[in-house]
Amino acid sequence: MEETEESNNRSKKCNSKPTSVNGCANNNNNNPHSNSNSNNSRYIAFGFRSNQNQYQTYPALLPLPPAIPMQVAVAPPFPQNHNFTSTTLLQNQPFLATPSDSKLRYFTASKVVQRQNDVSKQKDLLRVKNATTPESFVVARRPDSGGVEGQVISLLANHFLVKFDPLHKIFHYDVEISPHPSKEVARLIKQKLVEEHSAVLSGALPVFDGGRTIYSPIEFQNNKIECYISLPIPSSGNKLQIEGQQIKLFRVNIKLISKFDGKELSSYLNREGDGWSPLPQEYLHALDVVLRESPTDKCITAGRSFYSSCMGGEKDIGGGAVALRGFFQSLRPTQQGLALNVDFSVTAFHESIGVIPYLEKRLDFLRGISQRKTRGLTNEEKKEVEKALKNIRVFVCHRETVQRYRICSLTEEVTENLCFQDRDGKILRIVNYFKDHYNYDIQYRNLPCLQISRSKPCYLPMELCMICEGQKFLGKLSDDQTARILKMGCQRPRERKAIIDGIVTGSVGPTSGNHARDFKLQISREMTPLYGRILQPPKLKLGDRGLVRDLIPSRHDRQWNLLDSHVFEGTRVERWALMSFGGTSDQKSNIPKFINQLCQRCEQLGIFLNKNTVLNPQFEPMHLLNNVKHLETKLKKLHGASFSNLQLVICVMEKKHKGYADLKRIAETNIGVVTQCCLYPNLGKHSSQFLANLALKINAKVGGCTVALYSSLPSQIPRLFKHDGPVIFMGADVTHPHPLDDSSPSVAAVVGNVNWPAANKYVSRMRSQTHRQEIIQDLSTMIGEILDDFYEELLKLPERIIFFRDGVSETQFLKVLKEELQAIRAACSRFPGYKPPITFVVVQKRHHTRLFPCELDPSSTRNQFFNENIAPGTVVDSVITHPREFDFYLCSHWGVKGTSRPIHYHVLWDENQFTSDELQKLVYNLCYTFVRCTKPISLVPPAYYAHLAAYRGRLYLERSDSATLTRSSNITRPAPPKTTPLPKLTENIKKLMFYC
């Protein structure tokens, strides 16, 4: 039996009698095609495109694009002197013109001096105390006109200037369609409305957000409109028969909600007025819908991205998935005005094939099942199949219909034993029903059926179902799939720039329709030219006993090596052990050689690793990682051999294994020992670099550090930092469960340094919290514990707190600031009279801004470098940044593959009153102090460490997460379980960087 995926919980009945159209096996009374009007509207959700009226086998039910993320723009916490140098956007013209700052100009020394004078004046003004009340949280304003330090370079950004007429009015209409249609059908209705009722709409070409909002460039004839739209739909219910073709009627009610112009947005972008007004979101959202209208009509929509086979076709990446090329676009307020951020994108979709072939490709244990049709599933296999198919939309191939169904679960019984009750109360077997009604013999009788309803039994045999096209692959990609996706999306700067330029002017891009012209928009076809600056790398300090004790990374990639030098602080590992999991005889025989080479490499780096382990290497089979109790027993045995004082266990594995999570959890929460894992294939390479990387990780985990800044932070930023006034740099992140997991808790982590002025050793705290909760719920407690550790180490509390928060979207800025800033202050209030100034910085990795070298002279001898990535230390804080708030882009690393993505730093709160130069220098210098490598990293270390710690907390929960998959496939949805607390770390592990 079948049920359309959007039933709205209506009481409907299915007819189990033989008919020419119904392929259902249902225990209810009416067949799906004699459903209510509202439900009939779902039947056409598949098979129509907005430019056609005929049935096509093309997937629909695409998700609505979310509302454009809005920047929070509110009053600053203290008066600030804004000295923005860009010219007005209007320039006495009806359209917004490009400001002079966005054009490449010769950057003279006098202008640099002038900006330096501006900054020096503003430093005095920044000493004004913050008089804002705790309830009036507002986002920090840019303290100056931008930084001035570093070599000035010319760049291009993938932002395309959008000019608009601020006097042009936009009319906002609410549209109600009855019966309620699917999103795809709603677009068909809107298109036909424009075609058949043009006079009523005053000849306008309105745009539609896919929900209940229509924006028009001109006013309709009446403020309220009611009309009927008919669509050809092969369904039954509220339909008419016209010349042999079935049609369905929809009632459309339209009413005017508001009308508005762009004056407020223009004033905001021009930084006119007192600068305290919020971003005018209504007009901005309307323009965003306008620019998304044409791509939405022509492409598959996934979030804020669009995908189309016309951009290179689909590519099979294995495992039942295909990759499609597409693009991301977002309208953003910037210093140059409105800009459309466009970027190339690749993502995975489910392959549109039969469910049985799909499972053959996706699950290894079902390979070849088409030749073994009598094969059944074990309980564990059934759980894996259900996990792979859950929430995927399918259509049936044994009869003509446009209905689409969402898979909820699998049936408890196999198809051979599955029965249902028809409307007359007669019990029928599924296999007999399909033979009698469709003359079809079910082949895979030992497989369960698909359950397509949460509320009642609705069954579909797997072999009669096909995967619908256009469904984004939400499952976890394998390593091979990920590698293929990355290869498709990995282009060098020149190639990526060409692709983006082609998207903007292409047939499915944002400029492909006529809607922008009707709304008086002009979209530039050229990327935004701007200036960036390359910050100088810091001088680094290494170990005292090495021949090289300090250095300045001078290579183009800013990488350095540790030849003839020691790590800044090497540790002594006296008591350690080695465990082997799996491996061939030859691989195992190389273990003594590996131990000797690793000890030698550690010695060269100034790290002591005892050549004698506490026990001979322990060789265990790979399947030991499947047995938690036995694994724990073995680890306890090793720990006992060192009188419960084991420092390190090196674990060599034949291959990656899910038991890695249990190994880490047992070692760090039950026993209290640090582990370092590696793979046998890497041991066989005899690579000095591999040994060095392993040594650096071991050193960091047991308490050492790799490098320190030669000129300490107090020396570099003396206005804010003092040698005897310690500062804490904190990082925080929240990791959420897999998209298909609707119950597991999220995991939050906070880290903070406990040394000064080196500031390169971090302790961590982790907590589980409510499923998909982004606000860190136990932040105050975690920060309080880290402050306790800080005081224990330095006998002082930090005089300043610099808090780097990862993983926050722009729509959540104000909420995160309000709640988490209060939590930080609450943690500080535990100490009498302790109120340190706090700076709260959001760190954004997953944005789509890319920076490209600007090729001014194609014949230049430097032309070879134009296909290279921007240099480490490249910072941009003008033109494409926020028109009022304190943010900047910093690319601190060298991009070896593809095109570098800079990190976006957005300051939400700044009681420490940093200047642009001070904060940019601080972040860039910290990127050189990461303990695991000898090069600057892309992300400021506190945020990176918090990400690693949160991931470690997620590992601790993996075993319980897998247990949730064992629940029976009930047709009623179970309530989400209570948050599972993380196991507690042992006291000795708490103080170490075990998560590195």
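Residues numbered from 1 in each chain as written. Predicted model: local features only at pLDDT ≥ 70, side-chain atom pairs only at ≥ 80, totals over all residues. Heavy atoms only, no water.

Asks: Which parts of the structure should I look at to understand the pattern of salt bridges?
Replies: Note on pairing: side chains with opposite charge can pair once their charged atoms come close. Overall, the coordinates contain 48 salt bridges when judged by the stated rule. Where R367 meets D364, a salt bridge forms, and the shortest distance between an N and an O atom there is 3.1 Å. Note that E820 is salt-bridged to R805, the shortest N-O span being 2.8 Å. In this pair, E820 sits in helix α20 (residues 813-828) while R805 sits in strand β36 (residues 800-806), placing the two residues 15 residues apart along the sequence. Of the residues examined, R805 reaches a relative accessible area of 0% and is grouped as buried. A single salt-bridge network, built from bridges that share partners, covers R765, R767, D778, E785 and D789. (Salt bridge = Lys/Arg side-chain N within 4 Å of Asp/Glu carboxyl O. Helix = DSSP H or I, 4+ residues; strand = E, 2+ residues; numbered from the N terminus. Buried < 20%, exposed > 50% of the residue type's maximum accessible area, 1.4 Å probe, protein only.)

Asks: Before we go on, may I ask you to explain the confidence of the model for the protein in this structure?
Replies: Note that predicted coordinates carrying low pLDDT should not be read in detail. For the protein, mean pLDDT is 85; residues scoring 70 or higher make up 81% of the total. Note that residues 234-244 has pLDDT below 50 and, in this model, 26 contacts with residues that lie over four places away or in other chains. (pLDDT = per-residue confidence, 0-100. Contact = heavy atoms within 4.5 Å.)

Asks: Please clarify how the pairing of strand β11 (residues 315-318) should be interpreted in this entry.
Replies: The two faces of the sheet receive side chains in turn, since in a regular strand these alternate between them. The sheet contact formed by β11 and strand β12 (residues 321-334) spans three bridges and is antiparallel. By the bridge assignment for β12, D316 is matched with V322. Taking the residues that link successive antiparallel strands as the turn, the β11-β12 hairpin has two residues, and the phi of G319 there is positive, at about 65°. (Pairing = 2+ DSSP bridges.)

Asks: How should the nonpolar core be read in this particular structure?
Replies: Side chains that are nonpolar tend, in soluble globular proteins, to be buried together. Core analysis: the largest hydrophobic core is formed by 92 residues, its most contacted members being F594, I650, F721, F729, Y945 and Y995. Three or more residues apiece are contributed to this core by two domains, here domain 3 (570-702) and domain 4 (708-847 + 870-959). If we ignore the near neighbours within four places in the chain, the residues touching Y945 are V751, Y762, T929, F930, V931, M993, Y995 and C996. Ranked by size, the runner-up nonpolar core spans 73 residues in total, among them F164, L363, I392 and I503. (Core = buried A, V, L, I, M, F, W, Y, C linked by side-chain atoms within 4.5 Å. Domains from an automatic or database assignment.)

Asks: Teacher, can you tell me more about helix α7 (residues 379-389) here?
Replies: Think of an α-helix as 3.6 residues a turn; residues three or four steps apart then line up on the same face. For α7, the set of buried residues is E381, K382, V385, E386, A388 and L389. Projected down its long axis, α7 carries its buried residues within an arc of 160°, all on one side. Residues of α7 that are exposed and angled more than 90 degrees away from the buried face: N379 and E380. Lining the buried residues of α7 we find α6 (355-362), β16 (409-414) and β19 (448-451). Phi turns positive one or two residues past the end of α7, at N391, with a value near 75°. (Arc of directions from axis to C-beta.)

Asks: Got a minute to help me understand helix α19 (residues 779-794) in this structure?
Replies: Under the 1.5 Å per step criterion, the end-to-end length of α19 is 22 Å for 16 residues, consistent within 8% with the ideal 22 Å. Taken together, the buried residues of α19 touch β33 (727-735), β34 (746-753), β35 (762-769), β36 and α20. L795 sits one or two positions beyond α19 and adopts a positive phi of about 60°. (Expected span 1.5 Å × (residues − 1).)

Asks: Help me understand the sheet that holds strand β24 (residues 540-541) in this model?
Replies: Each strand in a sheet pairs with its neighbour through backbone hydrogen bonds, running either in the same direction (parallel) or in the opposite one (antiparallel). If you walk across this open sheet you meet the three strands as β25-β24-β32, and the pairing is antiparallel. Each end of this open sheet is capped by a strand with a single partner; those strands are β25 (550-551) and β32 (708-709). Where β24 meets β25, two bridges bridge the pair, whose relative direction is antiparallel. Looking across to β25, one finds that L540 is bridged to L551.

Asks: Help me understand the packing of helix α14 (residues 628-641) against helix α15 (residues 660-671), please; the structure alone is not making it clear to me.
Replies: Contact geometry of α14 with α15 gives a least axis separation of 10 Å together with a crossing angle of 50°. Judged by the angle between their axes, α14 and α15 are oblique. As α14 packs across α15, the resulting crossing turns out to be right-handed. Contacts from V628, L631, E632, L635, K636 and H639 of α14 reach α15 at D662, L663, R665, I666, N670 and I671. (Axes fitted to C-alpha atoms, helices over the stretch in contact; angles between N-to-C directions. Parallel < 35°, antiparallel > 145°, perpendicular 65-115°, else oblique. Left-handed = near helix turned anticlockwise from the far one by under 90°.)

Asks: Help me understand the packing of aromatic side chains in this model?
Replies: Two aromatic rings, taken as a pair, are described by how far apart their centres are and by the angle between their planes. Under the definition given, this model contains 23 aromatic pairs. When the ring of F306 is compared with that of F327, the centres are 5.4 Å apart and the planes differ by 35°; the resulting orientation is tilted. Remark: F327 occurs in strand β12 and F306 occurs in strand β10 (residues 305-307); sequence separation between them is 21 residues. Exposure remark for F327: the relative accessible area of 0% places this residue in the buried category. Aromatic side chains W560 and Y928 sit 6.2 Å apart centroid to centroid with 20° between the ring planes, which places their arrangement in the stacked category. Residue W560 is located in the loop between β25 and β26 (572-573), and its partner Y928 is located in the loop between α21 (916-926) and α22 (941-964); the two are separated by 368 residues in the primary sequence. Sitting over the ring of Y710, K539 keeps its end group 4.3 Å from the ring centre. If you follow R884 out to its NZ or CZ, it ends over the ring of Y268, 4.2 Å from the centre. (Phe/Tyr/Trp six-rings, centres within 6.5 Å; stacked < 30°, edge-to-face > 60°. Lys NZ or Arg CZ within 6 Å of the ring centre and 35° of its normal.)

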